[in-house]
Structures are given as C-alpha cells and as structure tokens.
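Now for the letters of each chain:
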Amino acid sequence: MGRITIFSVGDCRFCKKTKAAFSIRLIPYTEICLNVHPEKRRDMLAVADSLTVPQVFFNDNHIGGADSVLATLAIWDGGNEKYNNALQRFQVEIQAVPGPFDQRLSIPTTQPLEDIQPLPRNETRNAIPLPDGSKASVFHVIKKLMEILPRTTVTFRATIHRSTFTGL
C-alpha cells in the first residue's frame, strides 16, 4: 500500500502549508519530523539531495519541496478524464500501488526525541540602561534614535546614501 512521505521540521511555514494542502484534500500522509527524529536527516539528504524542508515523496518518487507539491496538487485539482479530484487520483496512482521500497523512506522506529521549543526572548537581559534610570531594548533605542536624529542624502565616494543619519 503506497503512501506520501513528508520530511519536515516543526516550525517551518512551508511544511505547514504543504501538510495543510494535503489535509484540505483529505489526502493522508506520513510525516517524518526531523526535530524528533534527527537521524532521518541523513536519509532525506540521500534520497532528496536537498537541504530544505519539506521534501515530499509519492512512494519512492521525489516530488520536491512546497512549491512543487502545491503545483502538482493544483494540476490534480483540475481533474481529467480519468479522475474527478486529487483524492481519487491519490487513491489510484499512489495508495493502490505498493511502496515505498526504499528503506530510507521508512517510518522511524527509534524513540522520538523531545521536541524542544525555543525559549521566549528575554528583552530585559539585553536591555540598555537609559540616563533616566529606565531600561529599553536595542530595538526601542534605535527606533527612538531614528525619530530624533536628522536624516539626509549623503554622497560618499560616488555613492549616494539616502536617508542617512548625519548626527547632530
């Protein structure tokens, strides 16, 4: 029984977009999350020859990344004389065919690692002390300087720099 295999990472917007495209069409897929199964990254690189995610396979056939998959699904949505929709085409051309046979596309059997979320940003750790005793982030200091300092167009060594800070 064939399947669609997606190599992804948890916080990737292209991975989420690709998985949503399959879900909307009710097409099942198998996800191999590289955050919780980092040992599968080597397998993905070997069969896809690409560092980016997502990498999608229809059985053993490498389809590509998000753009390629979305383009393929758009063609499938158009239908043809054989199939009415993308789900029907998936059932006949992928699910009914045995595969995948490449062991690198197998579902991981190892214990998944804990998916560690990044720590929230600590704005006070990198805060800049101000003359009035308060603290502000680098972003807020730069934003305030942009409001205060005069800007003009400066020519330096035959290059024009627009909206440049000129000092006081």
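A. Structural context of the overall build of the chain. Helix and strand counts for the chain stand at five helices and eight strands. When the helices and strands of the chain are placed in sequence order, the string is β-α-β-α-β-β-α-α-β-β-α-β-β. Against the globule reference of 15 Å for 168 residues, the chain gives a C-alpha radius of gyration of 25 Å, more extended than a compact globule. Projected onto its principal axes, the C-alpha positions of the chain cover 75 × 40 × 30 Å. A separation threshold of at least 6 residues defines the contact pool for the chain, and within that pool the share at least 24 residues apart is 57%. For the chain, the computed accessible surface area is about 11,500 Å², with 56% contributed by carbon and sulfur atoms.

B. Main features of the pattern of salt bridges. Throughout the structure, instances matching the rule amount to six salt bridges. Measuring nitrogen to oxygen at the nearest pair gives 3.2 Å for the salt bridge that ties K40 to D43. Placement of both K40 and D43 in helix 2 (residues 40–48) is noted, with a separation of three residues, approximately one turn of the helix. With relative accessibility at 6%, the residue K40 sits in the buried group. The partner of K144 in a salt bridge is E147, with the nearest N and O atoms 3.7 Å apart. Of this pair, K144 and E147 both sit in helix 5 (residues 138–148), three residues apart, which is roughly one turn of that helix. Take K144: its relative accessible area is 47%, and that puts it in the partly exposed class.

Reading the values: the criteria
Residues numbered from 1 in each chain as written. Predicted model: local features only at pLDDT ≥ 70, side-chain atom pairs only at ≥ 80, totals over all residues. Heavy atoms only, no water. Helix = DSSP H or I, 4+ residues; strand = E, 2+ residues; numbered from the N terminus. Rg over C-alpha atoms; globule rule 2.2 N^0.38 Å. Contact = heavy atoms within 4.5 Å. Areas by Shrake-Rupley, 256 points an atom, 1.4 Å probe, with all protein chains shown as cover. Salt bridge = Lys/Arg side-chain N within 4 Å of Asp/Glu carboxyl O. Buried < 20%, exposed > 50% of the residue type's maximum accessible area, 1.4 Å probe, protein only.

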